[in-house]
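Breakdown of the fold
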Amino acid sequence: MPCYLCPLCGEPLHLHQSAKSYHCQNRHSFDLAKEGYLNLLPVQHKHSGEPGDSKQMMMARREFLEAGFYEPMAKAVAMMVDAHKPMRLLDLGCGEGYYSRQIAAQCGPVALHGIDIAKVGIAAAAKKQPPARFIVASSNRLPYANQYFDFVLRVFAPSNDDELKRVLKPSGLLLIVTPGPRHLWQLKEFIYADVKEHAPKTILPQGFERLTEQRISYKITPNPEQRIALLQMTPFAWRANESVQQAIKEVEGLEIETDFILTLAIKTAA
Ligand SMILES: C[S@@+](CC[C@H](N)C(=O)[O-])C[C@H]1O[C@@H](n2cnc3c(N)ncnc32)[C@H](O)[C@@H]1O
Ligand SMILES: [Zn+2]
């Protein structure tokens, strides 16, 4: 069963005998990059020149994650995946592939796929984990065959509900990680005069039913550079001007609460 669909005409893509490119019956062709990933985001579907994180932001994110600050959550994700023994898993908005690597390290055999709109993240993910298959694409137009996956993971990333449902098999599983009420509270105190809690319940796409929910919260003490890397991973980073960033760096022994909600849901409708 072909995995990818041509982003230009929707026909299945086939690997060329050279194993260096994919093509469809309408002769649209896509080369594998030297890192092993495939770019299936045609220019006409891009809304900005190079969407997503810059290389520097991606590297900061990787360093922060690899320092282990989110490891308890990543381990819980991998445990949930392993408990269900999926055959094919899609990491939606996978960034630089941290969770895919955790899953490979902790779970039994599973074909791992990752997509992100940011090319720098995908290139870094593919380079570090050759057995997994990473593509540049938008979650609004997933270039995968219908019902190709039996598990979709979405960690702090946007998705298009219809597309997500389309690529999942009937009774396929969706694991969503969202920020819990007090996630990064102490970091937000530098930015907002009146910090508000996140909603405690994750909103599920239509056609899914909640199976389990797990809340994981603990404190971390990143160093000044790691605090800035963490800040840049958040949607409120743009609000932190130079002086706010300076204040975040200078305060001594800053403890920051993490708070994650892991929601496992099952696809119940087509
Ligand atoms: C907050 S990051 C989370 C990344 C990763 N899952 C993690 O937790 O480290 C959100 C990710 O979604 C990606 N993203 C944003 N819009 C997207 C879209 N329309 N399609 C695919 N990925 C998208 C970004 O490039 C970024 O890597
Ligand atoms: Zn085509």
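This is a predicted model, so every value here is computed, not measured.

The rules behind each value
- Residues numbered from 1 in each chain as written.
- Chains lettered and ligands numbered in written order.
- Predicted model: local features only at pLDDT ≥ 70, side-chain atom pairs only at ≥ 80, totals over all residues.
- Heavy atoms only, no water.
- Helix = DSSP H or I, 4+ residues; strand = E, 2+ residues; numbered from the N terminus.
- Buried < 20%, exposed > 50% of the residue type's maximum accessible area, 1.4 Å probe, protein only.
- Contact = heavy atoms within 4.5 Å.
- Areas by Shrake-Rupley, 256 points an atom, 1.4 Å probe, with all protein chains shown as cover.
- Lys, Arg positive; Asp, Glu negative; His and termini not counted.
- Charge placed at Lys NZ, Arg CZ, Asp CG, Glu CD.
- Pairing = 2+ DSSP bridges.
- Donors = N, O, S within 2.8 Å, 3.2 Å for Na, K, Ca; no water.
- Tetrahedral: all angles 85-135°; square planar, octahedral: opposite > 155°, others 65-115°.
- Near = heavy atom within 4 Å.
- Polar contact = N/O pair within 3.5 Å; in protein donor to acceptor, adjacent residues only side chain to side chain.
- Nonpolar A, V, L, I, M, F, W, Y, C, P; charged D, E, K, R; others polar.
- Phe/Tyr/Trp six-rings, centres within 6.5 Å; stacked < 30°, edge-to-face > 60°.

What the protein contains, in helices and strands, is eight helices and 11 strands. Expressed along its principal axes, the backbone C-alpha trace of the protein runs to roughly 60 × 40 × 30 Å. Expressed as a percentage of its 270 residues, the buried residues of the protein come to 50%. Put simply, of all contacts in the protein between residues at least 6 apart along the chain, 66% involve residues at least 24 apart. For the protein, the accessible surface area stands at approximately 13,200 Å², while carbon and sulfur atoms represent 51% of it. Distance between charge centres in the protein, computed from 31 positive and 28 negative side chains, equals 6 Å.

Of the pairings in the sheet, the one linking strand β4 (residues 38-39) to strand β7 (residues 133-136) comprises two bridges and is parallel in character. If you follow Leu38 over to β7, its bridge partner there is Ile135. Of the strand pairs in this sheet, strand β6 (residues 111-116) and β7 are connected by four bridges, and their pairing is parallel. Among the inter-strand pairings, Asp116 is bridged to a residue of β7, identified as Val136.

Looking now at the coordination of the zinc ion (ligand 2). Protein coordination at the zinc ion (ligand 2) comes from Cys6 (SG), Cys9 (SG), Cys24 (SG) and His28 (ND1), with a distance range of 2.1 to 2.3 Å. Coordination at the zinc ion (ligand 2) comes from four donor atoms whose angles at the metal span 100 to 117°, giving a geometry best classed as tetrahedral. All donors of the zinc ion (ligand 2) belong to a single chain; written as a sequence motif, their spacing is C-x2-C-x14-C-x3-H. Of this pair, Cys6 sits in the segment before β1 (14-15) while Cys24 sits in the loop between β2 (21-23) and β3 (29-31), and the two are 18 residues apart along the sequence. Across the pair, Cys24 and Cys6 agree in class, each one buried.

Now for the site of ligand 1. Lining the immediate environment of ligand 1, one finds 15 residues, of which Gly93, Asp116, Ser139, Val155 and Phe156 sit closest. Ile117 is positioned such that a nitrogen or oxygen atom in its backbone is 3.3 Å from a nitrogen atom of ligand 1. Side-chain polar atom of Ser138 to a nitrogen atom of ligand 1: 3.4 Å apart, as the coordinates give it. Protein burial of ligand 1: of its 590 Å² of free accessible surface, 84% is covered by the chains. For the shell around ligand 1, the residue count by class is nine nonpolar, four polar and two charged.

Turning our attention to the packing of aromatic side chains. Summed over all chains, the structure comprises 11 aromatic pairs. With a centroid separation of 4.9 Å and 80° between ring planes, the pair formed by Tyr144 and Phe149 is classed as edge-to-face. The exposure class of Phe149 is buried, given its relative accessible area of 0%. Between the aromatic rings of Tyr218 and Phe260, the centroid separation amounts to 6.2 Å while the plane-to-plane angle is 40°, which identifies the pairing as tilted.

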